[in-house]
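Structural features, examined
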Amino acid sequence: MVAEQPWLYTAMAAYALATVIAIRGIVRARGGAVGAAVNRSYEPLVLGLISAGVILLVMALTERWIRIGHGPFVNLFELLMSQLFSLGLVLSVVYWRLPVIRPAVIVVLPMMWVLGIWVLLLEPTASAFPPTYYNKWLWVHVGVGKFFLAFSLMGSGVAGVILLRKISRLAPLFRHMPPDSVLDHVAWRFMLLALIFESLMLIAGAVWAQDAWGRYWAWDALETSSFLNWLLLGAAIHARLTYRIPIHIGAIAILGIFVFAFMTYFGTPFFSEAAHKGVI
Amino acid sequence: MISLLKRLSSIRLTLLWMALLGVGAALSYDNPVDTPAWVLVVPLVLLAINLLAAIITNPSINRRGGLLIFHVALLGIVVLVAFGRLTHMEAHLEIVEGTGFDTDQLIDIRRGPLHSGKLDQVQFIQGPYTVNYRPGMVRGLTHSHVQVPDGSGGWERKVVGDDRPLVLEGYRFYTTFNKGFAPVLTWMPNRGRVETGTIHMPPYPLFEFRQANRWTPPTATEEIKFWLQLETGMDPESAWVLDAAQSRGTLVVRAGERRVELQVGETVRLQNGVLKYERLSSWMGYKLYYDPTLQWLFLTAMIGVLGLAIHFWRKFAAYPWPQQTSGDEKKTQMPGHPRGLNVALSGLAMKAGRSERE
Ligand code: HEM
């Protein structure tokens, strides 16, 4: 076992426990008379566990950094680990600051589990740091990209609640949350934040590409995919302003945009030969 | 006129042209050589017309500062990119250590019809370079030493490489993986002028086993074949540094039936003259890129995002995020909502059901 693995496993255990406790708490709170007090005593524990997961991932990332000599920017194992950290960080802040949407955590955490399970299945092989990655724009590009993905995930969590409420057996789980019309606004608000950070990600990426490969844009697989993602988000925002899009269709659109972003991040660089990976 | 502009500004058209741009971008995925540029140009022009019309006629945009800045910046980016394509220049060059940049060295030149830079004023002298390799022949950092005019008649040393291009008169020179060795030879013909020059060998270590080239001296008829046997310290299993100063090369010269192995400083008499192997030098391949819009593009894009941020900031401030009433104590019955709801009736909740833009 390599140095970062014990930290990673414990972090994943913390996220898993947070998921279980959140689901149990929400299931228990689903009944009760209208107007009765809702038991939210489990929420600090969930917040504590997510935060613990984040700190443990910082340890895992640090251990790996020391072991292989560079940051988590190159292979899938380290990219997933780093995303689990940043998604958890944004989730914990949102969970802390916006109590009204806390139950959405039972949608968000399982979505993060896709990354969690994936990273646990990968070998923690050391990666080689390409010469063009010493550029400071890498930090900006990756940093703002993390916020883009995290805000899309938050939007998707809320959109997920809107959709799960359509299933009559699951609707009571979220009855302490605001009505769909409010959730719709909250979800899109996260997507608007995501748009800002995605725009910054494209700009920082272009500056880096100009330094690294002598061109700011060349429609490589990753560039095209993130541009389409940006365009899709822009189109969805305009469509929502122009047409009376039913709330649940809007929610599906948000999930679609998130899935697209997910594929861009974790699919394109590893399945396309000519993505950034190919030209480093 | 205004009614035409209004029609052109329709957001339905925006969505249509965005879809078209999406198709164009998807067709350009991975940059296939056979995808024509118009698949992107046409939707971009349509979007630009649509956006310009909206900026002029639609108060939803032109009365809201932040949003206006963002959309004007989008338009600006399209215009700048177009101008950049018309004025850009790209090329490749290979330059031998110790020699100066010359426009004659440029190959694969591509330039926009309006390109007019001061390339003829660009001067630099290529110095030595090193390239670090990690175990497994993984290329690491390149340090290419160059000398550039210091502005007061002298020369200034600079080190460039990888993501640090040499920028002169707006022209950006990027080192590439394309680099190799170049034996320096002096040709002393039986009759005529003595000449010193270099023979470019194929890229190293990419073509490690094909370090060969051929040359016919100006006054001779017989072609000379060269093969360079290198000792560079290359070790695929461990880290090493490619450095011409630390490398040695035996030059195998074949002319007609003759085959001679030359060390540095040695000569060989051939049919039409004498050839001397002076020393082992190297060449570096650069990519040249020029686009006068780069800084403006960056600035415009950043101002655009700032505008968008201002727009959202105002919007979010007008309708705050929904807040929970503290803990479990008090519940606020939301009109029209069947169950108890502990959400404070903040702006966002109050506005629920209405469009946020109102
Ligand atoms: C190219 C033609 C475009 C036109 C004609 C256009 C037009 C408009 C208009 C009229 C509005 C105000 C809508 C309203 O509040 O009623 C708007 C808002 C907006 N547009 Fe565009 N737009 C264009 C392109 C884009 C693009 C490419 C993006 C980004 C991907 C974008 C992002 C936005 C955003 C984020 C808003 C604000 C949404 C909000 O406040 O919730 N626009 N646009």
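Residues numbered from 1 in each chain as written. Chains lettered and ligands numbered in written order. Predicted model: local features only at pLDDT ≥ 70, side-chain atom pairs only at ≥ 80, totals over all residues. Heavy atoms only, no water.

The secondary structure content of chain B amounts to seven helices and 15 strands. The C-alpha atoms of chain B give 32 Å as radius of gyration, which overshoots the globular expectation for 358 residues (21 Å, by more than 25%). A principal-axis box enclosing the C-alpha atoms of chain B has dimensions of 105 × 60 × 45 Å. The buried share of chain B, taken over its 358 residues, is 43%. (Helix = DSSP H or I, 4+ residues; strand = E, 2+ residues; numbered from the N terminus. Rg over C-alpha atoms; globule rule 2.2 N^0.38 Å. Buried < 20%, exposed > 50% of the residue type's maximum accessible area, 1.4 Å probe, protein only.)

Let us now look at the domain arrangement of chain B. Each domain of chain B was delimited in the assignment, giving domain 1 (2-88 + 292-316), domain 2 (92-178) and domain 3 (180-280). Put simply, the middle of domain 1 of chain B and the middle of domain 3 of chain B, counted by C-alpha atoms, are 55 Å apart. (Domains from an automatic or database assignment.)

Counting 106 residues, the largest nonpolar core has Tyr15, Ile101, Met112 and Phe190 of chain A as its most contacted members. In terms of residues, this core owes the most to one element, helix H6 (residues 180-213) of chain A, which gives 17 residues. Beyond its immediate chain neighbours, meaning those up to four positions away, Phe190 of chain A contacts Val94, Leu98, Ile101, Phe151, Met154, Gly155 and Val158 of chain A together with Trp321 of chain B. Listed in part, the 46 residues of the second largest apolar core include Ile199, Tyr204, Leu242 and Ala255 of chain B. (Core = buried A, V, L, I, M, F, W, Y, C linked by side-chain atoms within 4.5 Å. Contact = heavy atoms within 4.5 Å.)

Let's shift gears to the site of the ligand. With respect to spatial proximity, 27 residues lie near the ligand, and among them His238 of chain A together with Arg64, His71, His311 and Lys315 of chain B are the closest. In the model, a nitrogen atom of the ligand is placed 2.6 Å from a nitrogen or oxygen of the His238 of chain A side chain. At 2.8 Å, a side-chain N or O of His71 of chain B approaches a nitrogen atom of the ligand. Elements that contribute at least two residues to the shell around the ligand include exactly H6 and helix H7 (221-242) of chain A together with helix H2 (11-27), helix H3 (38-57), helix H4 (59-62), helix H5 (65-87) and helix H6 (294-318) of chain B. (Near = heavy atom within 4 Å. Polar contact = N/O pair within 3.5 Å; in protein donor to acceptor, adjacent residues only side chain to side chain.)

Our next topic: the coordination of the iron atom of the ligand. At the metal site, the iron atom of the ligand is ligated by His238 of chain A (NE2) and His71 of chain B (NE2), and these contacts range over 1.9 to 2.0 Å. Geometry at the iron atom of the ligand is octahedral, judged from its six donor atoms and the angles of 83 to 178° they form at the metal. Of this pair, His238 of chain A sits in helix H7 while His71 of chain B sits in helix H5, which puts the two residues in different chains. Judged by its relative accessible area of 7%, His71 of chain B is buried. (Donors = N, O, S within 2.8 Å, 3.2 Å for Na, K, Ca; no water. Tetrahedral: all angles 85-135°; square planar, octahedral: opposite > 155°, others 65-115°.)

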